[in-house]
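Listed below, chain by chain, are the residues.
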Amino acid sequence: MLLGTIIYAVINSVILILMSIGFNLTFGISGISNFAYGALYILAAFVTWMLIQLVGLPYLASALISILFTAFIGALMYRFILMRVRGQVLSEVIATFGIGLAILEFFRYLGFVGVEYALPVFIDESFMIGDVYVDAQRILIVAAGIVLVILLWLFVHYTSTGLAFRGIAQDERTALTFGMDSDRIATLSVSLGAGLAAIAATVIIPLGTISVSQGYDVLINALAVSIIGGLGSTGGVIVASLVVGFAQRFTDTYIGSHWTMIVSLVAILLVLVIKPSGLYGKQKELEERI
Amino acid sequence: MNKRKERIDRGIKVRSEDIFALSSWREMLYLAAPRLIPVAAFIVLPLLLGPYWQRVLLSVAVFALLAISWDILAQTGMVSLGQALFFGMGAYCSAILNHYFGLSPFLTIPVAAVLGGVICTLLLMPVLRLRGVYFTMVTLIIPLMLERVIEATKIFGGTEGISGLAVLPSKWLELYILMAALTAALFGFRRMMTSDYGLVLTGIKDNDRSVMNAGINIYWFKIQALFIAGSVGAFAGAMMTHVYRFVGMPVFALDYSILPIAAVMVGGPGSFAGAVLGAFILVPLSEALRALGGLRIVFYGVFLVIFVVGLPEGIFHFISRKYSQFERWAEVDK
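Residues numbered from 1 in each chain as written. Chains lettered and ligands numbered in written order. Predicted model: local features only at pLDDT ≥ 70, side-chain atom pairs only at ≥ 80, totals over all residues.

### Let's talk about helix α6 (residues 133-153) of chain B
- Counted at 1.5 Å a residue, the expected span for α6(B) with its 21 residues is 30 Å, and the 30 Å between its end C-alpha atoms agrees.
- Burial analysis of α6(B) places 17 of its 21 residues in the buried class, which makes it a mostly covered element. (Helix = DSSP H or I, 4+ residues; strand = E, 2+ residues; numbered from the N terminus. Expected span 1.5 Å × (residues − 1). Buried ≥ 20, exposed ≤ 12 C-beta atoms within 10 Å, placed from the backbone.)

### Here's the deal with the packing of helix α5 (residues 136-158) of chain A against helix α6 (residues 160-170) of chain A
All names here are of chain A.
- At their nearest, the axes of α5 and α6 sit 5 Å apart, and the two run at 80 degrees to each other. In terms of axis orientation, α5 runs roughly perpendicular to α6. Where α5 abuts α6, its residues Phe155, Val156, His157 and Tyr158 lie against Gly162, Phe165 and Arg166.
- Across the contact of α5 with α6, the residue classes break down as 4 nonpolar, 2 polar and 1 charged. (Axes fitted to C-alpha atoms, helices over the stretch in contact; angles between N-to-C directions. Parallel < 35°, antiparallel > 145°, perpendicular 65-115°, else oblique. Contact = placed C-beta atoms within 7 Å. Nonpolar A, V, L, I, M, F, W, Y, C, P; charged D, E, K, R; others polar.)

### Observations regarding the nonpolar core
- One finds A:Leu40, B:Ala64, B:Leu65, B:Ile68, B:Ile141, B:Ala262 and B:Ala279 to be the most contacted residues of the largest nonpolar core, which totals 197 residues.
- Not counting chain neighbours up to four residues away, the residues in contact with A:Leu40 comprise A:Thr70, A:Ile73, A:Gly74, A:Ala194, A:Ala197 and A:Ala198. (Core = buried A, V, L, I, M, F, W, Y, C linked by C-beta atoms within 7 Å.)

### With respect to the packing of helix α1 (residues 2-30) of chain A against α5(A)
Residues and elements named next belong to chain A.
- Running from N to C, α1 and α5 cross one another at 50 degrees; their axes reach a closest spacing of 9 Å. As judged from the angle between their axes, α1 and α5 are oblique. Note on packing geometry: the crossing formed by α1 with α5 is left-handed. Residues Val10, Ile11, Val14, Ile15, Ile17 and Leu18 of α1 touch α5, and the partners they reach there are Arg138, Ile141, Val142, Gly145 and Val149.
- Residue classes in the contact of α1 with α5 are distributed as 9 nonpolar, 1 polar and 1 charged. (Left-handed = near helix turned anticlockwise from the far one by under 90°.)

### Examining the interface of chain B and chain A
- With 38 residues of chain B at the interface, the matching set in chain A holds 37 residues.
- Going through the elements one at a time, α6, α11 (255-267) and α13 (295-310) of chain B are the ones with two or more residues in the side of chain B that touches chain A.
- With 13 residues, the single largest contributor to the side of chain B that touches chain A is α6(B).
- A class-by-class count of the residues in the side of chain B that touches chain A yields 28 nonpolar, 6 polar and 4 charged.

### Brief notes about the pairing of strand β4 (residues 325-331) of chain B
Residues and elements named next belong to chain B.
- The buried fraction of β4 is low, at 0 of 7 residues.
- Pairing analysis gives 7 bridges linking strand β1 (residues 3-9) to β4, with the strands arranged antiparallel. Paired with Glu6 across the bridge in β4 is Arg328. (Pairing = 2+ DSSP bridges.)

### Here we look at the environment of B:Ala67
All names here are of chain B.
- Structurally, Ala67 can be placed in helix α3 (residues 51-75).
- Along the sequence, Ala67 and Val264 sit 197 residues apart, while their C-alpha atoms lie 6.0 Å from each other.
- Apart from residues no more than four positions distant in its own chain, Ala67 is found in contact with Pro260, Ala263, Val264, Ala275, Gly278 and Ala279.

Structure follows, in structure tokens:
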């Protein structure tokens, strides 16, 4: 019982990491809070579904195409809409939220609701860890989460684009004097965030079905985890995901599944009361908060 | 060769700016018309419309109040994506008072307006130290989570909601209470924002640190603004509950958060008249587009994007500029 709860708590935490890392990355680099994040997640899932069911491509190819497509949509979103309101936080939030709303509700309008909208699992098997059944897809999620975090870390520390990302995040004006194109980096950051949302969708969604309301849930989870961890801090996201993931799973097992959402809400309010900048949000403390 | 657009105040505006406005009827009318037209419309519209469009007018007024409440917060520098929180709190407060304690709507609506405002203020108080987008994120989360809480814990009727609530004695009373509230909110808050008190609030938005430097406790003022906005929203929610005789989870739905913002964005942020104008355009429009079903919300999303990017000042500021100024092409001096 306890072992099972811990294993599923770890899986839940990794799911939270996958869901929120893209949102947090975009915010950390370019300061854009992408409220269309949940919609991009669902968009990627539906594109994969359409490629498999309507075009008939194999799963891996269609997942890859949909990830690239979503990243491209992210870039377009920045180039044609966000670039015009860059720096006005209110307008950025409302514009991205409007885009997200339009995408999600359009899918709802098209009638994409039901159990047949599901993605196949990669490997249909299950393992025993101790005396707990865990299916292969969940192990794949954990592996994907770990690999993704390591790759991202390598990317931002050892490639020139990644270093430019960090430069812009630390001090945009100084970075500009070194010849980094702030708009290009911001485009890439929104696009990368969208791509990460798509990756999360392709590995997480096979556990259940694709539903439009999930888009809002993903956004809420991403926001909750990012706020608790401290916006723009990848380490914070990982710690916060573990905290929230474990707290949710343990309340689910020992108190009742009704209370899982309340746990996140209480966690957010508690963290904000005690440490308003989030657990690890040091970098922009002076600028963004009072 | 090079020309630029030049904006000049109309003569009538300059003449009517001081006491000499009293010298001519035309100038007095110029000053009074923009104020009298909405008041006259609020009084006459309920009489002219049929029963169906009277219902629409009710929701126009409710959304206009929500939009005003959003604009109060926005002018204090707090951008909220969760007007549904205020609306839902007011709705649930009045429903509980009416259903469990048997109070009459004349008592529940004002009590719910105050109580809802207090509860919302207490809920958002921990977040007040956050600025900008952080505050926005939390306001988006709270109503959506409260919806889950009610669904999960099954309190106050759970997913079924509470139905069979008392109604106000007549529909005319409903309409005119809302119209009176809307007029009072529109002109009262406008006056408030131009007073010294409002100056502090807008100061918090423009530069909070210099307001702190002046020895003013900005958190206390933010709490007050939150309470005012919360009460306005809660009043709208309480009225709506007694009109529909029902309260349930939908009061926390995204519609009540999005439509007010869309109304302000279309009408023009920073002036409550813009918020009301936006509600008067969007709500009947969405009623007319009812046949499109879910596609309406897609339109709201697209509207938001178009107005934020293309016409950030909104319709009201555009009209008011045309009303007081004219444009002409002028040579650029070398």
